[in-house]
Structures are given as structure tokens and as C-alpha cells.
Amino acid sequence: MTSLVAQEAPAADSRPPVRQVSPPRAPRSRRGGRAAALWPLALSLLVLLLICCAALGPLLRGSAWWWVCAGVAAAVLVGAALWRRLGVPRPIVPVANVAVLVGILTLLFGGGTGLLWLIPTPETVGVFGGLIAAGGDSIAQQSTPAEVTVGILFLLAGGTGLISVIMDLLAVTLRWPAIGAAGGLVPLLAPGFIIDDGADIGALLAAAIAFLLLLRVDVYVRRTQEARRPPTGPRATLAHRPERQRGPGPVGGALMVGSLAIVGALVLSTVAPAFTAGGLVTARPGGLLFGSGVSPMINLGQDLRRPKAGPAFHYTSTGTQQPYFTLLTLDEVIGLTWTARIDGADVRNTVDDIQRPFGLDANVKTVPASTSVVIEGVNSHWLPAPARATSIEGLTGRWYWDSRTRAIASVTANTLGQEYTVSSLELKPTAEQLRRSSTDYPASVLGNLQLPVEPPPIIEETARQVTAETTSNYDAAVAIQDYLRSSDFIYDTDAPVEDGYDGGGVDVIGVFLQEKRGYCVHFASAMAAMARTLGIPSRVSLGYLPGVKSQDLEQGLGQYNVDSHDLHAWPELYFVGIGWVRFEPTPGRGTVPNYEQAADVGTPTTTPGGAAATGAPGLSPDRLADDSALERGTTPQSVEASNLLAVLGFSALGLLLLLLPGVSRRILRRSRVRRIRSGGAGAGLAWIELQHTSLDHGIPTPITDTPRAFAGRLERLGILDPASTEALERVLLALERSRFDRSPVRADTLAADLTLVLRRLHGGASTGIRLRANYAPTSLFATLTAVLRGDRRARTIAP
């Protein structure tokens, strides 16, 4: 058979045949030069990613985390450029990048469990799993700006490294820089979904400039590589003559895309609903009460400052006193921030049978109460309920109680429109029982003594000064409560915002104790922190005050109405044999619990603890040495079926997105072959499909190649067998006839020959190339990339 390389043109072309000579293989130095030309692209990606990561600044404390992310990103991207410089095959570079990322994470976070500190072991995998869980909990519990714990830092470093791998794969390996740069949108736009102020305009503009720089560098790199590529084909000299491009050109195209990116990011940042929008109480469907990663204390303050209160819920109760309604309990200090330790949904902890409060002795008086609640404006995954609930009936959806804090929550349902009845216990300890409580605390509450390494000294100094004359933990607690409710302090929801100490963080408490102006979160967190400095376990509960009794006869005189201005925070202190006991340090808000009255000593309600302490701390009543055995579900035992379905749904969506390019390419190929077979299209479309398939399999299709030169190159690759080579010749002859003499071609024969060649190109490729052709077809994105560059060759690859 006559080789396609020496095949003469048809008679209609009077030009003498030109024998194509295979260009010599580029020497190693030239290949190294092509790799060296990619360095500017890698550095541009690094600059873009670091700018995007800096946009996370409003969400995190300090800046040390940024340097860790910068180091990880530099290791991956610079390492990728080095792999290419050393001549590592393109399909192997992404795998090498992943190896570098894993090695860096093992070195930084493995705690010495890795082999040679770099190679992960099964123990390292366990460490990483713990860090992921800890980081996720910290993100869900902390306020903004969050303290960067080791878990959060691991997630930041791993996420930055993963984005670096993806950006390098798309922008450098597959040469889709405009698409690869999209990875930077993850950290860039995250603040827009978390905080009210949205993404920082300066960060958006800086990222847009870096994006334009990336596109411009890509144009430079491509031109540099084309200048180093030896010309091929009989008209190579003419083909390499500079042409005047039409359209916006590479710089204009980059500016156009960058402008669209800036406008789109600004619009998205503006219209995207931040998790804090609407504060704690919102009547909007799908609204959040405590947004993930958003400070519940600051949200509570935002609702209290609303000029007009919104309805929350109404209720009736059979109790001897109207209850406080608990939503969430903050019992851990991470960095300087009060957070909630939530163990996760344990399906055994159903709300139809809630365990008796652990640590509660039988000789402590309790009164059963039933409270019927109708939710009107609270839309949350946390359920407002009286403390020490024993069962809840009437809820729709699946709700569970937390073993540590007894908070009621659901991962799938929300509170809006719920009607339910809560059975609970009113706790009636006497002051003497509280005074006699032991300090031999169970292990499960020792974590409630934790404070930051260096809290503001004024907290402990004030606590010691106020409680200097007390002789028991109870008397000390009452003394702190009386001090904060004294005339020295003023209830003010605006002053903390105006003077910059809003929120209930431990650092804020120091300022509050100096300024002596604030609202419930400041008083509650101050008392809890002061109690911890004295060795008394404490925590802060968030929820609602009892509300106002209705005067509407139609509603019923026994109904109480609660609105957003009833949002409240209060401290709870732990007493052995009794459990968690509520105090009320906020002046002018709520009711002060009078435990003296329970002993019938006649002490006025307004001065609890005012009488001198007459009894020394005695032995506690009989109790368990450690109530941890009574706790259930200290670690998540299972995941709700609905939550699992959500995970599976997102996984399926992600899989569909991954398969979408390959499926689209397959549909397009079949459509083209069908059109050719039906006679609706001719050899021109067949040749375009051949070029696109070659591009998908890593075979370049330079514009300088004539169809005959390109066919000769395919033959010299050694992929085609004799049958497919003859089929390629027939497709080529059909193309040349269609261009010169317009002679008809049998459609079915042309379609069959094209199919044979395409199958052989695919079957003769390596496994990696076939996978890339199936799931990441280059030809689909070639037109987009060329258009973004303002390159005329987009016409040659357009479908």
C-alpha cells in the first residue's frame, strides 16, 4: 500500500507532490525549554491562589495560618513546575502533586507518625481523621473571626493544597487556565456566605488583577512554545508569517473575561444570603438561627437591637414558675471564644424518652411540669425547650437530645410551625444543699473549668475581690451575681458595638469589666468566666426569657407570648449532687432565682445570697463518683438516614458533574457520525471529528499542518493498523475531493471509515490517555480557551 506520506494529491491539483519528512525528535534541551516556559504560569497560579486565600482574613484570627497555606500551595505548584522541568510525563505530574501534598501534610500535622516524617502510615491516617473531625467541630461551633485551631489549620492547609493540585491540572497540564483559576473562587467568595459585610472588595479586585495576569501569562507561554516549535508542512514558512488577528485579541479577551469575573463576583457577594442575615430569629423559610461558623452571641445582640420585635412563639405551662427556654449551651472555650461542644446526632437519644439529669440526687426536690409550645417566628435546627426536659411530644421530623448539654436539635427538620408539648422537671434545691455541695467534680464536667492560657487578669482579680468573704461556691456565685446586678453596671445593647467590644469572648469580658456597660451576653459570659477562675464549673446558655402573659381573652389568660426581644443569655454553674443551676446576673432582665426561699427562710427575692453564710461546706450527699457512665452517645454512633441520603445526593451530583464532559463529548461524536451517515454533512465534518478525537488523545493539531501532513503524522505514530490506515486515506481523499472537484462521496462509507479510524486511535492509546479522553476531553474546552485568548485558531477547532 502506498504510504500516505508520499501520496500524491488528486489530478485536479496540478501542483507536484511534496514528500513530507518527519521532523526530528526535539532534543532534551528543547523539551526542557518548553518546561521552563511553564514557570511563569505556575507562579501566576500561586499568586492568584494566595490572594484568594487572603480573602479568608475576616473569618479567622491572626495571620499565621496564611503562611502555612502559602507554604503548602508553593510546595505543590513549584513542585509541579520542577517535575515538568525534570521531564516527568504530563499524566504523572498530577499524581506527583498529590504525593507532595500528602507528604507536606504528614510532615506538618502527622505528629511524627509518618515513615521518615513524610510517608503516611495507618497511624497517620487516624491522626488526619481526628484533625478533620476536630476542625469540622471548631468551624461549626466558633464565632467569626474564629480561633485557628490545629484542626482548622489542617483543613485550611489540605484544602489549599487540593485546590493547588486541581488548578495546576486544569491550567497547566490540560492548558485551561480560565477554568483552572475557578478553584480560587472557593476561598475568595467564602466570606460572602458567612459574614454580613460579604467578600472584601479589595480582595476581589486584587484577585481579578491576578486572574488577568494569569491569562496574559498563558498567552505569553503559548507564543513562546509556538516560537520554539519547528515548522512542519510544505507551507510552514507562510504559515508562520505573522497574521493580523481579528476580534479583541488576547489582551482584550483577558480584560473582557476579567471584567465579567469581577462583576459576577461582586454581584454574587452582594446577593448571596450571609448566614448572619436576619439575626437569630427569622421568619424566612430556610433561615438559620445559629449559622455555621457565626457567633450566636453577636447574632443575639443583633436581634435585641432590632427597633421592632418579631414574634417567636407562645406557650402555656403547668409549672409553678414560668420557664426559661434553652436553645443552645456554650460550654467550651476555644481560644478566646465560647463554643458549643456538640457530640452529633445519636439516634438512640430520641426525645420521646429523655434521660433524667445525671448527677441529680434523689433528695433534691423536683416538680414535674408540662409546657405546650407553638412556634411562630423561630426558624432553627435548635428547639426552644425548658431545661431538664424528660420527653417531647408532637414534633414533626427527627429530633435528638445531646448527651452533654441536653440541647434538642435536628439535622433535617426545623422549628418553624412546630407545635409540641415538653414534659420537664423544675429543680428546687435549697441554699443549704447548694452550700454543702462538694468540689469533687465528676470527670465529665472538668472541661467546664477550662480558660485560655492567658485570660485578661481583671477577670480573676475581680472574682477574687468580690468573693473574698464567701465560704462556699454557692455564696461565691451569689456574690458575683449581686456584683454584676449592682448599680455599678448598666444594661446597654449599643455601647459594646460603638466601643468595639461586642460578643461574649473572654477577651471582650476584660473590656466589659472595665467599661461596665453591656447586655446579657456580657453579663452571662463574665459570670461564667469569673466562676471558672474560682474553680467552679460553668457554661453559658442561650435561649428565651419566659415572655409576657397575654391579656387577650381569645388567646386565653394562661398564654405567654415570647418575641425576639426576649432572647437572652444566662450562666449555669455546676453543683455536685444537684447538677447545672441557673443564675441571673443581667440587671433588669429575667428573674433572679431565689434558692434561699426554697428553704423558707423568708429572704427577699431581690437580695439572694444577701444573708451571711453560716455553714461551711460539708460532705455531699451520696452520689456516683463519676457520672460519665450515665452519659450516652459521647461519640456519634450513627448518622441519620436522611443525612446519609443528603450525602449520597451530593456525591451523585458531584459524580454527574465529573461525567458531564465525557458524556457531552460522546453525544457530540455520535451526532456528527449520524449526520455524516445520513448525508447531512460531508468530509469536512468528518475531518473536524478526527482532529477533535486526536486532540482528546493527546495528539496535537497545529494550524500549520495541512490535512495530508496531519494524516502523515497520524500514520507515523504507529497507532493505526493497515485497515485503519486505508480508512484514513479514504477520509483524506474524500476531504480533498470535497474541496477541489466537489465530487460526491458515499455517506455510509465515509461514516464507516471515520468510525474505524476513531476506534483505532482510542484502542491504540494507553490506559491513562483513554481515561482522559473519556472523562476530560480536551476538544470540548479548546474552543473556549482559544476564544478567551482571542485566537483565530478557535475557528479550526469549532464543532
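Only a predicted model underlies this, so the values are computations on that prediction, with no experimental measurement involved.

## Some words on the overall build of the protein chain
Right, so step 1: Helix and strand content of the protein chain: 26 helices and 17 strands.
Right, so step 2: Looking at the protein chain as a whole, 49% of its 799 residues qualify as buried.
Right, so step 3: Summarising the internal contacts of the protein chain: among those between residues at least 6 apart in sequence, 75% fall at separations of at least 24.
Right, so step 4: Only carbon and sulfur atoms are counted for the fraction: they give 60% of the accessible area of the protein chain, which is about 36100 Å².

## Let's talk about the sheet that holds strand E5 (residues 365-375)
Right, so step 1: Overall, antiparallel pairing links the six strands, which are arranged E7-E10-E5-E1-E15-E14 in an open sheet. The sheet is open, and its two borders are formed by strand E7 (389-393) and strand E14 (548-549), each paired with just one other strand.

## Describing the sheet that holds strand E2 (residues 325-330)
Right, so step 1: Ordered in space as E6-E2-E13-E16-E17, the five strands form an open sheet in which the pairing is antiparallel. Of all strands in the sheet, those bounded by a partner on one side alone are strand E6 (385-386) and strand E17 (579-582).
Right, so step 2: As judged from the five bridges shared by E2 and strand E13 (residues 538-544), these two strands associate in the antiparallel manner. Bridge pairing in E13 places Leu330 opposite Val540.
Right, so step 3: Running over the sheet, helix H18 (residues 520-533) touches E13 and strand E16 (567-575) and is turned about 15° from E16.

## Section: the packing of helix H2 (residues 39-54) against helix H6 (residues 150-173)
Right, so step 1: Orientation of H2 relative to H6, taken along the N-to-C sense of each, is 140°, at an axis distance of 11 Å. Classified by the interaxial angle, the pair formed by H2 and H6 is oblique. Remark: the crossing between H2 and H6 carries right-handed chirality. Within the contact between the two elements, H2 uses Leu41, Leu45, Leu48, Leu49 and Cys53 and H6 uses Thr160, Ile163, Ser164, Met167, Asp168, Ala171 and Val172.
Right, so step 2: In terms of residue class, the contact of H2 with H6 is made up of nine nonpolar, two polar and one charged.

## Overview of the nonpolar core
In globular proteins that are soluble, nonpolar side chains generally tend to be buried together.
Right, so step 1: Ranked by size, the top nonpolar core spans 82 residues in total, and within it Phe313, Trp338, Ile392, Leu484, Leu513, Tyr544 and Phe583 carry the most contacts.
Right, so step 2: Broken down by element, the residue count for this core peaks at ten residues, all from H18.
Right, so step 3: With residues near it in sequence (within four places) discarded, Leu484 still touches Phe489, Phe512, Leu513, Phe523, Ala526, Met527, Pro585 and Pro587.
Right, so step 4: Listed in part, the 30 residues of the second largest apolar core include Leu48, Ile163, Ala178 and Phe211.

## A few points about a negative patch on the surface
Right, so step 1: A grouping of Asp494, Glu498, Asp499 and Glu515 is seen on the molecular surface, where their side chains present a negatively charged patch.
Right, so step 2: Summarising the element assignment, Glu498 is placed in helix H16 (residues 495-499).

## Describing helix H3 (residues 64-85)
Right, so step 1: Helix length check: H3, at 22 residues, gives a terminal C-alpha distance of 31 Å against a target of 32 Å (1.5 Å per residue), a fit within 8%.
Right, so step 2: Backbone geometry just downstream of H3 places Gly87 in the positive-phi region, at approximately 85°.

## Some thoughts on unusual backbone geometry
Right, so step 1: One non-glycine residue with positive phi stands out, namely Leu116, at about 60°.
Right, so step 2: Mapped onto the fold, Leu116 is located in the loop between helix H4 (93-109) and helix H5 (122-141).
Right, so step 3: The backbone of Arg406 sits at a positive phi, close to 65°, despite the residue not being glycine.
Right, so step 4: With respect to the element layout, Arg406 can be found in the loop between strand E8 (400-401) and strand E9 (408-409).
Right, so step 5: Among the residues examined, Arg406 registers a relative accessible area of 17% and is labelled buried.

## Some words on a nonpolar patch on the surface
Right, so step 1: On the surface, Leu107, Leu108, Leu115, Leu116, Trp117, Leu118 and Ile119 cluster together to form a nonpolar patch covering roughly 740 Å² of accessible area.
Right, so step 2: For Leu116, a relative accessible area of 68% puts it in the exposed group.

## Things to note about the packing of H2 against H3
Right, so step 1: At a minimum axis separation of 10 Å, H2 and H3 run at an interaxial angle of 165°. With respect to H3, the element H2 is oriented roughly antiparallel. Helix-helix and strand crossings are classified by hand; for H2 and H3 the assignment is right-handed. Of the residues in H3, those in contact with Trp39, Ala42, Leu45, Leu46, Leu49, Leu50, Cys53 and Ala54 of H2 are Trp65, Trp66, Ala70, Ala73, Ala74, Leu77, Val78, Ala81, Leu82 and Arg85.

## Some remarks on the pattern of salt bridges
Right, so step 1: On inspection of all chains with the given rule, the structure shows 14 salt bridges.
Right, so step 2: Taking the shortest distance from any N to any O, the salt bridge between Glu460 and Arg464 comes out at 3.4 Å. Here the residue Glu460 and the residue Arg464 both occupy positions in helix H14 (residues 457-466), the gap between them amounting to four residues, near one helical turn.
Right, so step 3: Exposure remark for Arg464: the relative accessible area of 44% places this residue in the partly exposed category.
Right, so step 4: Ionic pairing is found between Arg672 and Glu689, a salt bridge with its closest N-O pair at 2.7 Å.

## As for the side chain of Asp753
Right, so step 1: Mapped onto the elements of the fold, Asp753 is located in helix H23 (residues 747-763).
Right, so step 2: Judged by its relative accessible area of 7%, Asp753 falls in the buried class.
Right, so step 3: For Asp753, the side chain forms a polar contact with the side chain of Arg730, separated by 2.9 Å.
Right, so step 4: When sequence neighbours within four positions are dropped, the list of residues in contact with Asp753 reads Ala727, Arg730 and Val731.

## As for the pairing of E17
The two faces of a sheet get side chains in turn, since along a regular strand they alternate between them.
Right, so step 1: Note: E16 against E17, four bridges, orientation antiparallel. What sits directly across from Tyr574, in E17, is Trp580.

## Quick look at a positive patch on the surface
Right, so step 1: Together, Arg666, Arg670, Arg674 and Arg677 make up a positively charged patch on the protein surface.
Right, so step 2: The partly exposed category is assigned to Arg666, whose relative accessible area is 42%.

About the criteria used
Residues numbered from 1 in each chain as written. Predicted model: local features only at pLDDT ≥ 70, side-chain atom pairs only at ≥ 80, totals over all residues. Heavy atoms only, no water. Helix = DSSP H or I, 4+ residues; strand = E, 2+ residues; numbered from the N terminus. Buried < 20%, exposed > 50% of the residue type's maximum accessible area, 1.4 Å probe, protein only. Contact = heavy atoms within 4.5 Å. Areas by Shrake-Rupley, 256 points an atom, 1.4 Å probe, with all protein chains shown as cover. Pairing = 2+ DSSP bridges. Axes fitted to C-alpha atoms, helices over the stretch in contact; angles between N-to-C directions. Parallel < 35°, antiparallel > 145°, perpendicular 65-115°, else oblique. Left-handed = near helix turned anticlockwise from the far one by under 90°. Nonpolar A, V, L, I, M, F, W, Y, C, P; charged D, E, K, R; others polar. Core = buried A, V, L, I, M, F, W, Y, C linked by side-chain atoms within 4.5 Å. Patch = residues over 30% accessible without salt bridge, like charges linked within 9 Å, V, L, I, M, F, W, Y side chains within 5 Å. Salt bridge = Lys/Arg side-chain N within 4 Å of Asp/Glu carboxyl O. Lys, Arg positive; Asp, Glu negative; His and termini not counted. Charge placed at Lys NZ, Arg CZ, Asp CG, Glu CD. Expected span 1.5 Å × (residues − 1). Polar contact = N/O pair within 3.5 Å; in protein donor to acceptor, adjacent residues only side chain to side chain.

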